[in-house]
Amino acid sequence: VNFELTKKLYDIFLQSNARKFIFLSSVKAVAEQVEFILTEEHWPEPHTHYGKSKLMAEVYIQKLPLPPGKTFYILRPCMIHGPGNKGNLKLLYKLISKGWPWPLGAFGNQRSFLSIENLCFVVRELSERQDIPGGVYQIADDATISTNSLIQLMASEMNSRPRILKLPRQLITSIAKLGDKLHLPLNSERLKKLTNSYVVSNKKLVTALGKPLPVVAVDGIIKTIMSFKKK
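Note that the coordinates shown come from a computational prediction; the quantities given were computed from them, not determined experimentally. (Residues numbered from 1 in each chain as written. Predicted model: local features only at pLDDT ≥ 70, side-chain atom pairs only at ≥ 80, totals over all residues. Heavy atoms only, no water.)

I'm lost on the overall build of the protein in this one. Help?
A tally of regular secondary structure across the protein gives nine helices and seven strands. Taking the principal axes of the C-alpha coordinates as reference, the protein spans close to 60 × 40 × 30 Å. Across the 231 residues of the protein, 43% fall into the buried class. Long-range pairs, those at least 24 residues apart, make up 82% of the contacts in the protein between residues at least 6 apart in sequence. Element-wise, carbon and sulfur atoms account for 58% of the exposed surface of the protein, whose accessible area totals about 13,000 Å². (Helix = DSSP H or I, 4+ residues; strand = E, 2+ residues; numbered from the N terminus. Buried < 20%, exposed > 50% of the residue type's maximum accessible area, 1.4 Å probe, protein only. Contact = heavy atoms within 4.5 Å. Areas by Shrake-Rupley, 256 points an atom, 1.4 Å probe, with all protein chains shown as cover.)

Here it is, written out as structure tokens:
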């Protein structure tokens, strides 16, 4: 689906009267983990089948010559969230709602998120306007949020105190290494996913739009959290 179906659709687009092709790729087409601020200039090195297939579709779109009057937009969103979200945010919410403490408070990190409202705003702008250059754009909310801050926001919406434990990092790392050998729920790979930073720049997109994204990062997260409360 990520590559073959996109390829078929793009071939149809090139032969059609449609003028714009918007492809939702992913930042995972570039990097699974980053130790810096990810920009569109970073050389793609995907590690997963998902990321590799998304990159294959990107390359196919970019290598074919465009007929006059046609434009493509390749959008690379980071983690999208909103009401009805069923991913890691909801799992974290369930953990906090049951009173479980977060044991990884000593690992400071910053992550980029994308409100579904901001994504829809961008797609509408690209669809309706004629002054935005085609190409590759990353999409992320303007600000990053740490996992500890996420937990604090969730606890606040539950009218409870956040339970964040700052256990020694060396202890947690040792437990994760033990998990590698004993196949425990916490292993080194999972620890990286839970604690690493993943910061995505949206500067190129916002500059092209000439206006800020409408939803502030924290406000978008709160909307998503409130939707969990209604379930």
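Please explain the layout of surface pockets as it appears in this structure.
If a probe the size of a water molecule is rolled over the atoms, the empty space left behind becomes visible. One number sums up the size of the largest pocket: a volume of about 1,200 Å³. Sorting the residues of the lining of the largest pocket by element identifies β4 (79-81), α3 (88-97), α5 (147-157), α6 (169-182) and α7 (188-195) as the ones contributing at least two each. A breakdown of the residues in the lining of the largest pocket according to their chemical character gives 24 nonpolar, 11 polar and seven charged. (1 Å grid on protein atoms, 1.4 Å probe; cavity = no way out; pocket = protein on both sides within 12 Å on 5 of 7 lines; lining within 4 Å. Points joined across faces, edges and corners; volume = space filled by probe spheres on them. Nonpolar A, V, L, I, M, F, W, Y, C, P; charged D, E, K, R; others polar.)

Whenever I open this one, the nonpolar core confuses me. Can you help?
Soluble globular proteins tend to bury their nonpolar side chains together. Residues L75, V122, I132, Y137, I139, Y198 and L209 are the most contacted members of the largest nonpolar core, which totals 23 residues. Ranked by residues supplied to this core, first place goes to helix α4 (residues 116-128) with four residues. In contact with I139, other than residues within four places in its own chain, are L75, R76, P77, C78, L114, L119, V122 and L205. Ranked by size, the runner-up nonpolar core spans 20 residues in total, among them L104, L150, I172 and I225. (Core = buried A, V, L, I, M, F, W, Y, C linked by side-chain atoms within 4.5 Å.)

How should the sheet that holds strand β6 (residues 135-139) be read in this particular structure?
Pairing between sheet strands relies on hydrogen bonds along the backbone, with the strands arranged either parallel or antiparallel. On the basis of which strands lie adjacent, the open sheet formed by three strands has the order β1-β3-β6 and parallel pairing. Looking at which strands have only one partner, the edges of the open sheet turn out to be β1 (20-24) and β6. Neighbour to neighbour, the strand axes of the sheet diverge by 20° on average, direction disregarded. Two strands pair when backbone bridges link them, and strand β3 (residues 71-77) and β6 are joined in this way by five bridges, in the parallel orientation. By the bridge assignment for β6, L75 is matched with Y137. Against the sheet, helix α1 (residues 4-15) touches β1 and β3, its axis set at about 170° to β1. (Pairing = 2+ DSSP bridges. Axes fitted to C-alpha atoms, helices over the stretch in contact; angles between N-to-C directions.)

Would you take a moment to explain unusual backbone geometry for this structure?
For residues that are not glycine, phi is negative in most cases, and the peptide bond is trans in most cases. A positive phi angle, near 60°, is found at N159, a position not held by glycine. The residue N159 is located in the loop between α5 and α6 in this model. Unlike most non-glycine residues, H183 shows phi in positive territory, near 55°. The residue H183 is located in the loop between α6 and α7 in this model.

Explain the environment of L91 to me, please; I cannot follow it from the model alone.
Mapped onto the elements, L91 comes out in helix α3. Relative accessible area serves as the criterion here: at 54%, L91 is assigned to the exposed category. Each C-alpha atom of the pair L91 and A29 lies 24 Å from the other, and the pair is 62 residues apart in sequence.

In this structure, what is going on with the packing of α3 against α5? I would like to understand it.
Geometry of a packed helix pair, given as the angle between the helix axes and the separation of the axes. Between α3 and α5, whose axes approach to 10 Å, the crossing angle comes to 60°. Judged on the interaxial angle alone, α5 and α3 are oblique. Seen along the crossing, α3 lies across α5 with a hand that is right-handed. Only L150, I151 and M154 of α5 make contact with α3, whose side of the interface consists of L89, L92, Y93 and I96. Classifying every residue of the contact of α3 with α5 gives seven nonpolar, no polar and no charged. (Parallel < 35°, antiparallel > 145°, perpendicular 65-115°, else oblique. Left-handed = near helix turned anticlockwise from the far one by under 90°.)

Would you explain the packing of aromatic side chains in this entry?
Given two aromatic rings, their pairing is described by the distance between the two centres and the angle made by the two planes. Within this structure, the stated rule accounts for five aromatic pairs. Pairing Y10 with F21 gives two aromatic rings, centres 4.9 Å apart and planes at 80°, and the pair type is edge-to-face. Here Y10, found in helix α1, pairs with F21, found in strand β1; they are 11 residues apart in sequence, far enough to count as distant. For the pair formed by Y10 and F21, the shared burial category is buried. Here a set of aromatic residues connected by ring pairs shows up, and it is made of Y10, F13 and F21. Geometry around Y137 places K204 over its ring, the cationic atom sitting 4.9 Å from the centre. (Phe/Tyr/Trp six-rings, centres within 6.5 Å; stacked < 30°, edge-to-face > 60°. Lys NZ or Arg CZ within 6 Å of the ring centre and 35° of its normal.)

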